[in-house]
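# Chain and residue survey
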Protein chains: 2
Amino acid sequence: MSAPGPGPPASEQELVERAEALAGRSLGDVAAGLRVPVPPDLRRAKGWVGQLVERALGADAASRDEPDFRGLGVELKTLPVDGAGRPVETTFVATIPLHLVGDVPWEGSRVQRKLRRVLWVPVEGERARPVGDRRVGAALLWSPDPDQEAALRFDWEELSGIIGRGDIESITAHLGRFLQVRPKAAHSRVRRTAIDAEGEVTRTMPRGFYLRTCFTAEILRQHYRLAP
Amino acid sequence: MSAPGPGPPASEQELVERAEALAGRSLGDVAAGLRVPVPPDLRRAKGWVGQLVERALGADAASRDEPDFRGLGVELKTLPVDGAGRPVETTFVATIPLHLVGDVPWEGSRVQRKLRRVLWVPVEGERARPVGDRRVGAALLWSPDPDQEAALRFDWEELSGIIGRGDIESITAHLGRFLQVRPKAAHSRVRRTAIDAEGEVTRTMPRGFYLRTCFTAEILRQHYRLAP
DNA sequence: ATGGATCCAGTGATGGATCCAT
DNA sequence: ATGGATCCATCACTGGATCCAT
């Protein structure tokens, strides 16, 4: 049961205007406008907020390996925040192609492409608050500044180097200052084909790159200090 | 709404016994035993008969690229027949991996593996007869005799040779005496990655190998002449 | 009669993320 | 606080085949 929502925005400006129109509204309100039912909590609907905001803004890439707004090259990320506006969760960036071995340049990597241009949409994310009552915050169209890109690149080269050598099993979420590697699967019995350090085919848990909250917190802090 | 059905049979003998117990029963009767609803016709339920018989006999490979009865290495094929016991449709055997170029030996090919050992289950298939009233016939556990295997191999080498050279687009269903190549897709706009004769990546319609009715008719004729 | 077109169910991969035990 | 585990939607593909215009 749901209504189609708008078509894709024609420009970054139009996208930002739509996001501004969303700011301050509750998720229940936005969902009602799209005829989308609101789940009681997110335990069984973990991507619900992101998918709702995609539809509200007219994202058109529907689960493809392309930017959410294809014409604009912009990626959409909702960001759950606490009462003080600090991120309460890490942010998933991209899955890791485990069958590719060897060095992959940062430029052109899936992580670099995903983070080239992002519309961050903060959303109240405190567990205690009913999902429908949570409000959308002021969105922020962002690209990494040179320092941020250098920091991401540093983490990425460390982690992807380990993966490229076939040492994926040695990676824990402790590695990486801003970017980390964690499982990305339906459950812990899921296995995916990979190549180990001896060059043998093996089965391992699918993993993804995530941004730590300290990184996304800095993006928000930067923005709200510069544009209060 | 449906019941589980039996576990996998432990031997070919047990499989054949189960099939014998099915012979003469109507599809409606079999479906009722498994708590499976009967569709009004097969236009919107094309694989329904095959899936029903799979469950009734305890097939366990559930859509995987393995024999339907994994422990036994036996493939199950239902065969729609007319009042005189002649097949009314071709029989799908296997999809064609279009990204593989070059010669593939018959031995070890998907077609050869699928047809190595088959339990054929004739089922009344006349359109006019209501689905629930159609009866299951006497099953037949079959392997190709040397002449049949040679004939299949001949067709397969001709067709797979054309495919291996990248000339898939030139193949029509007219080619092949017993084995033919036809589309295998949800509809005619579906495209799959393939390699053309120039070695270029291209998009073409997915196709599969099918047995002509003259081949399956001969299998039935042979059997019922030898074991009347 | 049959070559080309089509239809459903189920699995696996990916994109959307958040949960929760420690 | 957070590392490891988990959950839904959707798409692509495969296996089960039959439909239907000519």
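An account of the accompanying structure is given in this report. (Residues numbered from 1 in each chain as written. Chains lettered and ligands numbered in written order. Predicted model: local features only at pLDDT ≥ 70, side-chain atom pairs only at ≥ 80, totals over all residues. Heavy atoms only, no water.)

Looking only at helices and strands, one finds 6 helices and 8 strands in chain A. Overall, chain A shows an N-to-C arrangement of helices and strands of α-α-α-β-β-α-β-β-α-β-β-β-β-α. For 228 residues, the compact-globule estimate of 2.2 N^0.38 gives 17 Å, and chain A sits close to it at 18 Å. In terms of its C-alpha atoms, chain A occupies a principal-axis envelope of roughly 55 × 40 × 35 Å. Across the 228 residues in chain A, those meeting the buried criterion constitute 40%. (Helix = DSSP H or I, 4+ residues; strand = E, 2+ residues; numbered from the N terminus. Rg over C-alpha atoms; globule rule 2.2 N^0.38 Å. Buried < 20%, exposed > 50% of the residue type's maximum accessible area, 1.4 Å probe, protein only.)

This part is about the protein's contact with DNA strand D. Near DNA strand D there are 44 residues, and of these A:Arg44, A:Gln180, B:Arg127, B:Lys184 and B:Arg192 occur at the shortest range. Within 4 Å of the protein, the atoms of DNA strand D are drawn from sugar and phosphate moieties in a proportion of 59%. B:Gln51 is positioned such that a nitrogen or oxygen atom in its side chain is 3.3 Å from a base nitrogen of DNA strand D. B:Asp68 places a polar side-chain atom, nitrogen or oxygen, 2.7 Å from a phosphate oxygen of DNA strand D. Those elements giving two or more residues to the surface near DNA strand D turn out to be β5 (179–183) of chain A together with α3 (48–57), β1 (75–81), β2 (91–95) and α4 (110–114) of chain B. For the surface near DNA strand D, the element with the most residues is β1(B), which contributes 4 residues. (Near = heavy atom within 4 Å. Polar contact = N/O pair within 3.5 Å; in protein donor to acceptor, adjacent residues only side chain to side chain.)

A few words now on the packing of aromatic side chains. Centre distance and the angle of the planes are the two values used to describe a pair of aromatic rings. Within this structure, the stated rule accounts for 10 aromatic pairs over all chains. Here B:Phe178 and B:Phe215 contribute two aromatic rings whose centre-to-centre distance is 5.4 Å and whose plane-to-plane angle is 55 degrees, an arrangement assigned as tilted. Here the residue B:Phe178 occupies a position in the loop between α5 (146–164) and β5 (179–183), and B:Phe215 occupies one in helix α6 (residues 213–226), the gap between them amounting to 37 residues. Given the relative accessible area of 3%, B:Phe215 is considered buried. In textbook terms, an aromatic cluster arises when at least three aromatic residues are bridged by ring pairs, as seen for A:Trp120, A:Trp142, A:Phe178 and A:Phe215. Directly above the aromatic system of A:Phe92 lies the positively charged group of A:Lys184, at a separation of 4.8 Å from the ring centroid. (Phe/Tyr/Trp six-rings, centres within 6.5 Å; stacked < 30°, edge-to-face > 60°. Lys NZ or Arg CZ within 6 Å of the ring centre and 35° of its normal.)

What follows deals with the packing of helix α1 (residues 12–22) of chain B against α3(B). Residues and elements named next belong to chain B. Two elements in contact, α1 and α3, have axes whose closest approach is 10 Å; the angle formed by their N-to-C orientations is 120 degrees. In terms of orientation, α1 lies oblique with respect to α3. Crossing handedness for the pair α1 and α3: right-handed. Along its contact with α1, which presents Leu15, Arg18, Ala19 and Leu22, the element α3 presents Val53, Ala56 and Leu57. For the contact of α1 with α3, a count of residues per class yields 6 nonpolar, no polar and 1 charged. (Axes fitted to C-alpha atoms, helices over the stretch in contact; angles between N-to-C directions. Parallel < 35°, antiparallel > 145°, perpendicular 65-115°, else oblique. Left-handed = near helix turned anticlockwise from the far one by under 90°. Contact = heavy atoms within 4.5 Å. Nonpolar A, V, L, I, M, F, W, Y, C, P; charged D, E, K, R; others polar.)

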